Amino acid sequence: MLAAQRRDELLERLRTRGRVVAKEVAAELGTTEDTIRRDLRELAAAGLCQRVYGGALPASPAVADLGARAGLSTTGKGAVAAAAVRLLPAGGTVLLDGGSTALAVARALPPALEVTVVTHSPAVAAALVAHPRAEVLVLGGRLFKHSGVTCGAATVEAAARVHADVFLLGVTGVHPDAGLTTGDAEEAALKRALASRAAETYVLASSEKVGTASAHVVLPLAEVAGVVTDAPPHDPVVRALGAAGHRVLHA
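Residues numbered from 1 in each chain as written. Predicted model: local features only at pLDDT ≥ 70, side-chain atom pairs only at ≥ 80, totals over all residues. Heavy atoms only, no water.

1. Observations concerning the sheet that holds strand β9 (residues 164-170)
Okay, so step 1: A sheet is described by the order of its strands in space; here seven strands give the open sequence β6-β5-β4-β9-β12-β14-β15, paired in parallel fashion. Looking along the sheet, the strands with just one partner apiece sit at the ends: β6 (134-138) and β15 (248-250). On average, each strand axis in the sheet is tilted by 25° relative to the strand beside it, whichever way the strands run.
Okay, so step 2: Strands in contact with helix α5 (residues 74-85) are β9, β12 (198-205) and β14 (226-229); relative to β14, the strand with the most contacts, it is inclined by about 135°. (Pairing = 2+ DSSP bridges. Helix = DSSP H or I, 4+ residues; strand = E, 2+ residues; numbered from the N terminus. Axes fitted to C-alpha atoms, helices over the stretch in contact; angles between N-to-C directions. Contact = heavy atoms within 4.5 Å.)

2. Things to note about the sheet that holds strand β10 (residues 173-175)
Okay, so step 1: What the three strands build is an open sheet, ordered β10-β11-β13; its pairing is antiparallel. Among the strands making up the open sheet, the edge pair consists of β10 and β13 (216-219). Across the sheet, the mean angle separating the axes of adjacent strands is 40° when strand polarity is ignored.
Okay, so step 2: Strand direction decides the pairing type here: β10 and strand β11 (residues 179-182), joined by three bridges, are antiparallel. Among the inter-strand pairings, His175 is bridged to a residue of β11, identified as Gly179.

3. Brief notes about the environment of Gly54
Okay, so step 1: Its location among the elements puts Gly54 in the loop between β2 (49-52) and β3 (55-58).
Okay, so step 2: For Gly54 and Glu33, which are 21 residues apart along the polypeptide, the C-alpha to C-alpha distance reads 9.5 Å.
Okay, so step 3: If near-sequence neighbours (up to four positions away) are discounted, Gly54 is found in contact with Val20, Val21 and Ala22.

4. What about the nonpolar core?
Grouped burial of nonpolar side chains is what soluble globular proteins tend to show.
Okay, so step 1: With 32 residues, the main nonpolar core has Leu95, Leu169, Val174, Leu180 and Val203 as its most contacted residues.
Okay, so step 2: Those elements that place two or more of their residues in this core are β8 (149-151), α8 (153-159), β9, α9 (185-195), β12, β13 and α10 (236-243).
Okay, so step 3: A per-element tally of this core places α9 first, with four residues.
Okay, so step 4: Discounting residues that sit within four places of it in the chain, Leu169 has contacts with Asp97, Leu180, Lys191, Thr201, Tyr202, Val203, Leu204, Val218 and Leu219.
Okay, so step 5: Residues Val80, Ala104, Leu113 and Tyr202 belong to the second largest nonpolar core, which totals 25 residues. (Core = buried A, V, L, I, M, F, W, Y, C linked by side-chain atoms within 4.5 Å. Buried < 20%, exposed > 50% of the residue type's maximum accessible area, 1.4 Å probe, protein only.)

5. Quick look at the packing of helix α1 (residues 3-17) against helix α2 (residues 22-29)
Okay, so step 1: Packing of α1 against α2 leaves a shortest axis separation of 12 Å and a crossing angle of 130°. On the basis of the axis angle, α1 is oblique to α2. Helix-helix and strand crossings are classified by hand; for α1 and α2 the assignment is right-handed. Of the residues in α2, those in contact with Arg6, Glu9, Leu10, Arg13 and Arg17 of α1 are Val25, Glu28 and Leu29. (Parallel < 35°, antiparallel > 145°, perpendicular 65-115°, else oblique. Left-handed = near helix turned anticlockwise from the far one by under 90°.)

6. Considering the pairing of strand β4 (residues 93-96)
Okay, so step 1: By the alternation rule, side chains of β4 split into Thr93 and Leu95 and Val94 and Leu96, which are all buried.
Okay, so step 2: Judged from the four bridges that link them, β4 and strand β5 (residues 115-119) form a sheet pairing that is parallel. Of the residues in β5, the one forming a bridge with Leu96 is Thr119.
Okay, so step 3: Read as a crossover between parallel neighbours, the route from β4 over helix α6 (residues 100-108) to β5 is right-handed. (Right-handed = clockwise from strand over helix to strand, strands pointing away.)

Below you can see the structure in the form of structure tokens.
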């Protein structure tokens, strides 16, 4: 089999099976594990897969910068946002992550909802300027331009003073094996810090993120209260999440 054919086969397996195990594929294709690993390295370099121990998982398209992500699955993000708003307690405090889905949540807050929103996203804060009953607290720090959020030690220190009822967490990948992932190590660390300040954490996961993985683990799925997604109930990854005991809230 030619190299291009092998790579097409690997991509097809990622699309249909949600993972590639290098040892298994090598045996089925009659080649060596080293050859398959080399193919996966090249696919990963092209942004077409996320390498993990023993093989690869589908790469998330949501690792692009904020401007590019804004055009991904806009209908799905709106549905996820509408479902997530229903999780917010009246009179409570919510930590709202950055990203395009979190921005959709901010825009979906009912005008009558009295709530305190704590965020490290200037865009989310700006979207709530005209909200009549939302108190908005912005966590300062260095602006991470790729995602449009503040980041770093100053942000973590500010978050340590917060006690929230709910954290709405944005990630770039949700996978039964890899857990909750994102594309930047420092951002992953901040998300963990924010999750530690809330009684419950729910994941905002529009369908293009479900079944994919990025380089840096945020949290295991077992450490969140649920995943809010517009992916259909019959989706194989959604079924796998439910079978593993993880709560899935359908948008």
